[in-house]
Amino acid sequence: MAYLGIERSLSGRRWVGPGVEVERRAELLVQQSGLPLALCAVLARLGVAPDEVATYLDPKLRDLLPDPRSLKDMERAAERFLQAVRERQKIAIFADYDVDGGTSGALLVDWLRQMGRQATLYVPDRIDEGYGPNEPAMAALAAEHDLIICVDCGTLSHEAIAAAKGADVVILDHHLGGETLPDCVACVNPNRQDESGDLAHLCAATVVFLMLVEAGRQLREAGARGPDLMAMLDLVALATVADVAPLKGVNRALVRQGLKVMAGRARPGLVALADVARLDSAPSSYHLGFVLGPRVNAGGRVGQADLGARLLATDNPHEAQAMAERLEGFNAERREIEAAVRAAALAQAEERGLDGPLVWAAGEGWHPGVVGIVASRLKEQTNRPAVVIGLEKGEGKGSGRSVVGVDLGASIQRLASEGLLIKGGGHKMAAGLSVAQDQLEPAMARLGALLEKQGAGQGGAADLRLDGMLMPGAATVELIEQLEQAGPFGQGAPGPRFAIADARITFTKQVGSGHLKFACDDGVGGRLEGIAFGAFDGELGQALVNHGGARFHLAGKLEVNEWGGRRSAQLRLEDAAPANA
């Protein structure tokens, strides 16, 4: 049954509230913890048991960080890394062009710099070289270096790794492994087929961080000391959120601690990036995923591939400022390209149908740097795995994004093994592929069938999930701060979303480019202000402006609005429906 009876809201969505079992668990948490019902509703939805509440709300890295040696090849990787440091060997870092790769590379550069060493940072061009190590680049790096460390890539790159003749190769990755591993000194990857899978949710930057933890342990055993690793958690947090790793277990602790480090504004690259993005408040997981992450990625998508990694790695504020401004320009260019591809992809996907297990679109000349973002937008809009492919000269290169509970990477890898793809791989939530244009239709049909077996397409494409109801007067800064203790929120742990029922609209004002400021009350003294971004792109803005005294059910997320030294609660409105519908 639809929550508050809303089968179709102003944005065309059905509202879904907490189930009976979640409500029962929430009441139990209230009784045993004394915490507000709104917070307990979120904890119950996240599956937190009564005896876990205290540790969940205050996660500690010392309790949650896994032993690095639980990952195969970890000791060997750290030993070879430290040998290169000790013997002053030449080190090259081959990093993927996304945020996870850039932060992974920056972690190593930062650590080495603090130890008085340098490294060559190499990031392949997305269009000219494609994803992962390639034979010419690896051969060239091997001719000039003793050790090549591949980060966020390399697990499936047998031929390219073999081309690195004369140099040792260490792989620190998290993408799904195949039946065999490349011939290298060490391949540390929680998603190797011979791993338990207990740490499969880690991003590559966390794998790199764990290698540095192991390196620090080996240094201490030898009577030496390494850099302060806790100060590097800002990079790990950024990678974890931007690479859509699920925010559970150690990932929650890493992101929470990393946000505290980031708030200290010690890393020139992140400071410059926050400043050009006009980020004037303490960073949150939202800012990592939707403000900073896209800007780091922009160079790899439409500009200079290594710019994001170099920005994160630099210790020079002036250099950081210049690079951040260039990335801001690339990000604006990326937005324009994305908007055009997104409109075309959505139109094509709608024509094909949005109710199947897979939503996909392919177009001639679509920029390969934005297909992943467009796939993410389609996934969010339809609540289904999505694949978007750019076609050129008879071949398609695409990216896919998945929903919770559906392993897209494994399905893409299976398609490659069946010969339907030229190549493909990834992890549960994201994957990349290359496909011959004449194989496109059968490949996508097969992928849809594989995803359907995992349950894709069963949920409503337009469901808006809510944690419960709040009165306007109950939405306070204190409550928001309590809710934030259940965070950070993101992949695998959606942020709290509440309904304000039967609200009276008392003020509206259009602001910026199609946004709406408003205020509402409940008629008995409780009042709440709100903002609806993009409200006039659909029916929402006009309906609230021209309310004519009608009451509305409102749905959205609570946030603290800081203005003129004053802090107040604000509803970031996502949807609404007439209260008498």
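Before any of the text, the structure's been laid out above.
A few points on the structure. Worth saying up front: this structure is predicted, and the values here are computed from it rather than measured. (Residues numbered from 1 in each chain as written. Predicted model: local features only at pLDDT ≥ 70, side-chain atom pairs only at ≥ 80, totals over all residues. Heavy atoms only, no water.)

**A closer look at the pairing of strand β9 (residues 395-401)**
- For β9, a buried count of five out of seven residues is recorded, marking the element as mostly surrounded by other parts of the structure.
- Taking the residues that link successive antiparallel strands as the turn, the strand β8 (residues 386-392)-β9 hairpin has two residues, and the phi of Lys-393 there is positive, at about 55 degrees.
- Two elements, β9 and strand β11 (residues 430-436), share seven bridges in a ladder whose sense is antiparallel. Bridge pairing in β11 links Ser-399 to Gly-432. (Buried < 20%, exposed > 50% of the residue type's maximum accessible area, 1.4 Å probe, protein only. Helix = DSSP H or I, 4+ residues; strand = E, 2+ residues; numbered from the N terminus. Pairing = 2+ DSSP bridges.)

**Description of the packing of helix α9 (residues 204-221) against helix α10 (residues 233-242)**
- Axis separation between α9 and α10 bottoms out at 8 Å; the angle between their running directions is 150 degrees. Between α9 and α10, the angle falls in the class roughly antiparallel. Residues Ala-205, Thr-206 and Phe-209 of α9 form the contact with α10, whose participating residues are Leu-233, Val-236, Ala-239 and Thr-240.
- Here the residues of the contact of α9 with α10 are counted per class, giving five nonpolar, two polar and no charged. (Axes fitted to C-alpha atoms, helices over the stretch in contact; angles between N-to-C directions. Parallel < 35°, antiparallel > 145°, perpendicular 65-115°, else oblique. Contact = heavy atoms within 4.5 Å. Nonpolar A, V, L, I, M, F, W, Y, C, P; charged D, E, K, R; others polar.)

**Section: the environment of Gly-5**
- Inspection of the secondary structure puts Gly-5 in the segment before β1 (14-16).
- The exposure class of Gly-5 is partly exposed, given its relative accessible area of 44%.
- Between the C-alpha atoms of Gly-5 and Arg-267, which are 262 residues apart in sequence, the distance is 49 Å.

**Here we look at the packing of aromatic side chains**
- Under the criterion given, the structure shown has three aromatic pairs.
- When the centroid spacing of 5.1 Å and the interplanar angle of 50 degrees are considered together, the rings of Phe-81 and Trp-111 count as tilted. With a gap of 30 residues between them, Phe-81 in helix α5 (residues 74-86) and Trp-111 in helix α6 (residues 99-114) connect regions that are remote in the sequence. We note that Phe-81, like Trp-111, is buried.
- A ring pair is formed by Tyr-286 and Phe-290, whose centres lie 5.2 Å apart and whose planes are at 25 degrees; its orientation type is stacked. Placement of the pair is Tyr-286 and Phe-290 together in helix α13 (residues 285-302), with a separation of four residues, close to one helical turn.
- The class for Tyr-286 is partly exposed, based on a relative accessible area of 40%.
- One Lys or Arg, Arg-352, reaches over the ring of Trp-360 and ends 3.6 Å from the middle of that ring. (Phe/Tyr/Trp six-rings, centres within 6.5 Å; stacked < 30°, edge-to-face > 60°. Lys NZ or Arg CZ within 6 Å of the ring centre and 35° of its normal.)

**Details of the pattern of salt bridges**
- All chains considered together, the criterion is met by 32 salt bridges.
- In this structure, Arg-45 and Asp-467 form a salt bridge, with 2.8 Å as the shortest nitrogen-oxygen distance. Separated by 422 residues along the polypeptide, Arg-45 in helix α2 (residues 37-45) and Asp-467 in the loop between β12 (463-465) and β13 (468-470) bring together distant segments of the chain.
- Under the relative-accessibility criterion, Arg-45 is labelled partly exposed at 28%.
- Each of Asp-67, Arg-69, Glu-75, Glu-214, Arg-217 and Glu-221 takes part in one network of salt bridges that share partners. (Salt bridge = Lys/Arg side-chain N within 4 Å of Asp/Glu carboxyl O.)

**A short note on helix α16 (residues 371-382)**
- Taking 1.5 Å as the rise per residue, α16 with twelve residues should run 16 Å; its terminal C-alpha atoms sit 16 Å apart, in good agreement.
- With nine of twelve residues buried, α16 is to be regarded as a mostly interior element.
- Where α16 is concerned, the buried positions are Val-371, Gly-372, Ile-373, Val-374, Ala-375, Ser-376, Leu-378, Lys-379 and Thr-382.
- The inward-facing, buried residues of α16 abut α13, α15 (317-352), β7 (359-364), β8 and β9.
- At the exit of α16 stands Asn-383, carrying a positive phi of roughly 60 degrees. (Expected span 1.5 Å × (residues − 1).)

**Comments concerning the sheet that holds strand β6 (residues 186-188)**
- The parallel open sheet is built from five strands, whose spatial order is β3-β2-β4-β5-β6. Two strands bound the open sheet, and with one partner strand each, they are β3 (120-122) and β6. On average, each strand axis in the sheet is inclined to that of its neighbour by 15 degrees, with strand direction left out of account.
- In this sheet, β3 lies alongside strand β2 (residues 91-95) in parallel orientation, the contact comprising three bridges. Note on β3: the bridge partner recorded for Ala-92 is Thr-120.

**A few points about the pairing of β8**
- The buried count for β8 comes to six of seven residues, which makes it a mostly enclosed element.
- Two elements, β7 and β8, share six bridges in a ladder whose sense is parallel. Paired with Glu-364 across the strands is Leu-391, a residue of β8.
- For the segment spanning β7, α16 and β8, crossover handedness is right-handed.
- Across seven bridges, the pairing between β8 and β9 is antiparallel. Residue pairing in the sheet places Leu-391 in a bridge with Gly-396 of β9. (Right-handed = clockwise from strand over helix to strand, strands pointing away.)

**Topic: the environment of Asp-275**
- Tracing the sequence through the fold places Asp-275 in helix α12 (residues 268-276).
- Between the C-alpha atoms of Asp-275 and Ala-324, which are 49 residues apart in sequence, the distance is 8.7 Å.

**Brief notes about the sheet that holds β11**
- In spatial order, the strands read β7-β8-β9-β11-β10; together these five strands make up an open sheet with mixed pairing. The sheet is open, and its two borders are formed by β7 and β10 (423-426), each paired with just one other strand. In this sheet, adjacent strand axes meet at a mean angle of 15 degrees when their direction is disregarded.
- α16 contacts β7, β8 and β9 of the sheet and is inclined by roughly 45 degrees relative to β9.

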